[in-house]
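# Remarks on the overall topology
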Amino acid sequence: MGIPGSTSAGRQETAGSRSALGEDTTGTPPEPKGASSSPCSGPGHEEQEKEQRSREHDQRDGSASSVWAATPGMLFQQDKQTSLHPLSLACVLGYNSSLAVHSLMDGEDRVLLYVSSHTVVIHDVVGNRQYHLQGHRNVISCLCVSEDRRWVATGDRGPDALVIVWDSFSGIPVRTIFESHPEEGVSAIAISRDAKYLATVSTGTVQRVCVWKWTLPTEKPVCSMELSPEFGYQDYVIFNPQNPHEFVSNSKTQVIFYLWGDGGLQYCAPLLSTQTFNSVVGRFSQSVFHFNNSQALTGTSAGKLVVWDAVGPHSPSKDLRAKPCIVTGDVKGQVKFYDGQLRLLNFILSTSDATVLHVATDRTNFEKVMEEAKKAVNAIACHPWQALVAVGSHCGLLKVWDYLQTTYVVSRIFTDAGIQCLSYDPEGYFLAAGFTDGRVYILDAISLQSSCNEFKFSHGPVTHISFSHDSEYFATADEKHSVTVYKRVLRKGSRCWEHLAGLHSHYKPIRSILFGVQSDSHEPRLLSLGEDRQLVEYDLNSSSKDNLVVLHRDQIEQDAVPLCLAWYPQLSTESFILTANNCYKMKLYNTTTKMCRKTLLGPAYGSPMEKIQILPTTDTTDPQKRYLVYVTKDKVGLQILPVDGNPYKSSAVICHPDGGSDLAISYDGRYVFTAGGDDCTVMKWEVNLNALDAAASLGGEDLIPFYTLLDGGREGEFFRELEDYFYYAQLRSHGIDTLETRQVSTHIPLEEIPSVMRAMGFYPSEEKIEEMINEVKFSKYVDTGEQVTKINLGDFIKLYINHRPVFGLSMKKIQRAFQVLGYDNENGDKVIDRGDLLLLLQCRGERMTEDELARCLTTLLGRRPGGGGPEPDTYDPSGAAALTEEIPEEITAEIFAADILGLPIAEPEKKNRKKEINL
């Protein structure tokens, strides 16, 4: 353990000037009570003097911060204020069982601190209240608590990883380190006993160890060093309680001891061999310093303790004294922990299977405080008329909670398989559960006991369950791309369901199954949507035992992948189905004809919408004011209806950084629930529609929100160019060479839409052009019975913004196409043969005729086959053949983009293209 003779790999780094205090704090975070002075000299003393001067200045001004005034327990004494955000976190169910649960208060108060996904939860067990520390955008990977339980330090891993120090009394983030380990984040963190220093270990193959004085507003560590990968992945670190300049970290195979000071950071990594011990030791878990200050201990997976002795002289600090406890064991098998005055100690135990136990002073047994899911939580469902939410886990645990009181109601454990999906029937009497082994259970909604025999008609995990509005049917989808329908029957005087039929109706994963209602007969309708771009409607009336009849099968996308489906509220005369795809677009389809009636820009918050539901209305809600709830990969959001592409009508917040798995809404629309999958948590979000409406109003009315989506806005060059093309299209529609008096108009014919779109750099396919024209042409048909034949500039701007690709045409997309269609040439490049490319253009997708292909190549290559002159109606095949000779025999993505399409490409691609041409 001793440092003399060890390797020094650290360095002293200068302090920066960037501060990241919480918004409610003033000045520098307070120096922790009982802190000892640093043995380092030089810049350290100057920094301490600056801290003292800052505190004196604050005191002279009489501006004591909220942190200085905070006291234990004050978090739950404050009145809860209404959130100003459309969605605010109200409660968290579940926690990260791989991180420790800490007790923040002694006695019977039982205030726990633990991590749930990217949130730190302070949980008052007795008062059944939670306070949430929110600031991380990634899942929290490590945390530590100071000995006095005042300061909490957390770190995450992922993009823009943070280290945050929180005041547990006030809940305020008093220190944020933005670029502690910018590579990948933090794997381990520790706070010294005097609460002045932090030690952090980064993630990644080459890990970095840093020491920080967190009370200083600097972005630079006091000292740091890199570790050799041969030491293994260091995932635990802790300070010596009697010397803040000494700490230890360990991986599964290597323990490293550190000493830091003016000379930087030194370390000692004692090597172990199979001859070191006489028995199997196992893998290291955690290390700790002995209170005699001359030894350290490391626990192992084999139940052993490895004892490390110091090789150099060590003397305990006079300012920091150990506080050992006394442990007794009696003949009854009871183990008791006492402090120095022989008083029984309270303590918290947390296990790897997500159970938290409390040992109280007045009893000798364990009290179970929490028992949560220890595997992925993928299934949640809300009761249709009671404040109940059901949560299902892959470990087989099914729990029902009263979400208003946040109290556990009933649970059941299934040992054979994990729960994958849940759904209440519309009457609220039954709860259907789909399992990972393909089974389906129909449970009593109150007792969770089986109401009928289990069903086993799916050959893979059940992914979706949905009931019809009258509970006459329910349907499931599974990972084998099949839809199975069950029908209600009356058996021995009680209601039950029996298997009707199933069908392998998709060839890619099914994203949604959805029951609806026939507008004329009020009979159930059943739809399924798959990643194969197929929207399938089933004929339930014509279906019979083992024969599920398909009524319609429609391909609703050309290149995008549909991800979710919902019935659109009746906000107009026409009825719609709403879908969202992976290109950040939402589409409205006529419920009868399945014609695409509108394409609209959806929320673009880093990932497309994966699940959508319409927010229920209440008696006091305006029936024409409806809202959509959605989840993306990592966010939950609200959208004001009707959808029109206005970005200010949507809001989202991070819910599960590693990916959300399910979505549910309370029957009254007041709360939204999200499940986090592998983070084993369910989050309850309170809805504030007034905040969303206010934000939308601030975004402006009419075209103002859409101008902001144009490059340069309303006054920019792009808009002026768009105006020029729009009015040029007017002239062209009237005839360029005419001398007659022109009639001034603010509209252009629908036939001119494709030309202006392409002039603005958006190159839609023929199918997209048809969708755009139909969208305008039939926009008023249901109400007036007439078709629209022209469009004005404002509506054209909306049409352009809603239909154009969100991120434009990228070089990566072209390269992906060549990866699929091409082959590797002698140089190892992905290429397409010239003849194959021309054949593909004429035979696959939207086929081009030879004449159309010749016209395009003529325009793109800047010359006409056969010489100049006016553009002919047809082309000489020999001339067209001569034109294609100018195209290389082997075409790369870069040659195709730059030399054929004439698109600008980035410098690296240009260099590669020149190299290819030279070869």
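The structure reproduced in this document is the subject of the present report. Just so we're clear, the structure is a prediction, and the values are computed from it rather than from any experiment.

## Description of the pairing of strand S14 (residues 208-213)
Of all the six residues making up S14, six are buried; the element is thus mostly covered by neighbouring parts of the structure. With burial as the criterion, each face of S14 is covered, one bearing Arg208, Cys210 and Trp212 and the other bearing Val209, Val211 and Lys213. When strand S13 (residues 197-202) meets S14, the two strands line up antiparallel, connected through five bridges. For tyrosine 197, the partnering residue across the bridge sits in S14 and is lysine 213. The sheet contact formed by S14 and strand S15 (residues 223-226) spans four bridges and is antiparallel. Looking at S15, one finds that arginine 208 is bridged to glutamate 226.

## Considering the pairing of strand S17 (residues 243-250)
Where burial is concerned, most of S17 is hidden: seven out of the eight residues are buried. Here five bridges tie strand S16 (residues 236-240) to S17, and the two strands are oriented antiparallel to one another. Its bridge partner being in S17, asparagine 240 is matched across the sheet by asparagine 243. Taking the residues between adjacent antiparallel strands as the criterion, S16 and S17 are bridged by two residues. Relative to strand S18 (residues 255-261), S17 runs antiparallel, the two sharing five bridges. Each residue of the ladder has a partner; that of serine 249, found in S18, is isoleucine 256.

## Comments concerning the pattern of salt bridges
One pass over the structure, following the stated rule, counts 28 salt bridges. Ionic pairing is found between glutamate 427 and arginine 495, a salt bridge with its closest N-O pair at 2.7 Å. Linking glutamate 427 in the loop between strand S32 (419-424) and strand S33 (430-435) with arginine 495 in strand S38 (residues 494-503), this pair joins segments that are 68 residues apart in sequence. Residue class for glutamate 427 comes out partly exposed when judged on its relative accessible area of 29%. Overall, arginine 495 belongs to the partly exposed group, its relative accessible area being 32%. Here aspartate 437 and arginine 439 are joined by a salt bridge, their closest N and O atoms 2.7 Å apart. According to the relative accessible area criterion, aspartate 437 is partly exposed, its value standing at 28%. In this structure arginine 439 comes out as buried when scored by relative accessible area, which is 7%. Where salt bridges share partners, they join Asp416, Asp437, Arg439 and Glu454 into one cluster.

## Looking at the side chain of threonine 892
For threonine 892, the position within the fold is in the loop between strand S58 (890-891) and helix H14 (893-900). A distance of 3.2 Å separates a polar side-chain atom of threonine 892 from the backbone nitrogen of isoleucine 895.

## Details of the packing of aromatic side chains
This model, assessed by the stated rule, comprises 32 aromatic pairs. Ring plane angle 70° and centroid distance 5.0 Å describe the contact between tyrosine 197 and tryptophan 260, whose orientation is recorded as edge-to-face. On the criterion of sequence distance, the pair formed by tyrosine 197 in strand S13 and tryptophan 260 in strand S18 is long-range, its members being 63 residues apart. The burial state of tyrosine 197 is the same as that of tryptophan 260; both residues are buried. Plain terms: the ring middles of phenylalanine 414 and tyrosine 441 are 5.2 Å apart, the flat faces sit at 55° to each other, and that makes the pair tilted. Of this pair, phenylalanine 414 sits in the loop between strand S31 (407-413) and S32 while tyrosine 441 sits in strand S34 (residues 440-444), and the two are 27 residues apart along the sequence.

## A few points about the sheet that holds strand S47 (residues 611-614)
Spatially, the four strands line up as an open sheet ordered S47-S48-S49-S50, and their pairing is antiparallel. Each of the sheet's edge strands pairs with one partner strand only, and the pair in question is S47 and strand S50 (650-654). Here the strands of the sheet are splayed against their neighbours by 20° on average, with no regard to which way each runs. Each of strand S48 (627-631), strand S49 (635-640) and S50 is contacted by helix H3 (residues 689-698), which is oriented at about 65° to S49, the strand it contacts most.

## Observations concerning the sheet that holds strand S44 (residues 576-581)
Taken together, four strands build an open sheet; the order of strands is S43-S44-S45-S46 and the sheet is antiparallel. Each edge of the open sheet carries a strand with a single partner, namely strand S43 (562-567) and strand S46 (596-601). Adjacent strand axes in the sheet meet at a mean angle of 20° when their direction is disregarded. As judged from the five bridges shared by S44 and strand S45 (residues 585-590), these two strands associate in the antiparallel manner. The residue bridging leucine 578 from the neighbouring strand is leucine 588, located in S45. Each of S45 and S46 is contacted by helix H7 (residues 766-777), which is oriented at about 105° to S46, the strand it contacts most.

The rules we used
- Residues numbered from 1 in each chain as written.
- Predicted model: local features only at pLDDT ≥ 70, side-chain atom pairs only at ≥ 80, totals over all residues.
- Heavy atoms only, no water.
- Buried < 20%, exposed > 50% of the residue type's maximum accessible area, 1.4 Å probe, protein only.
- Helix = DSSP H or I, 4+ residues; strand = E, 2+ residues; numbered from the N terminus.
- Pairing = 2+ DSSP bridges.
- Salt bridge = Lys/Arg side-chain N within 4 Å of Asp/Glu carboxyl O.
- Polar contact = N/O pair within 3.5 Å; in protein donor to acceptor, adjacent residues only side chain to side chain.
- Phe/Tyr/Trp six-rings, centres within 6.5 Å; stacked < 30°, edge-to-face > 60°.
- Axes fitted to C-alpha atoms, helices over the stretch in contact; angles between N-to-C directions.
- Contact = heavy atoms within 4.5 Å.

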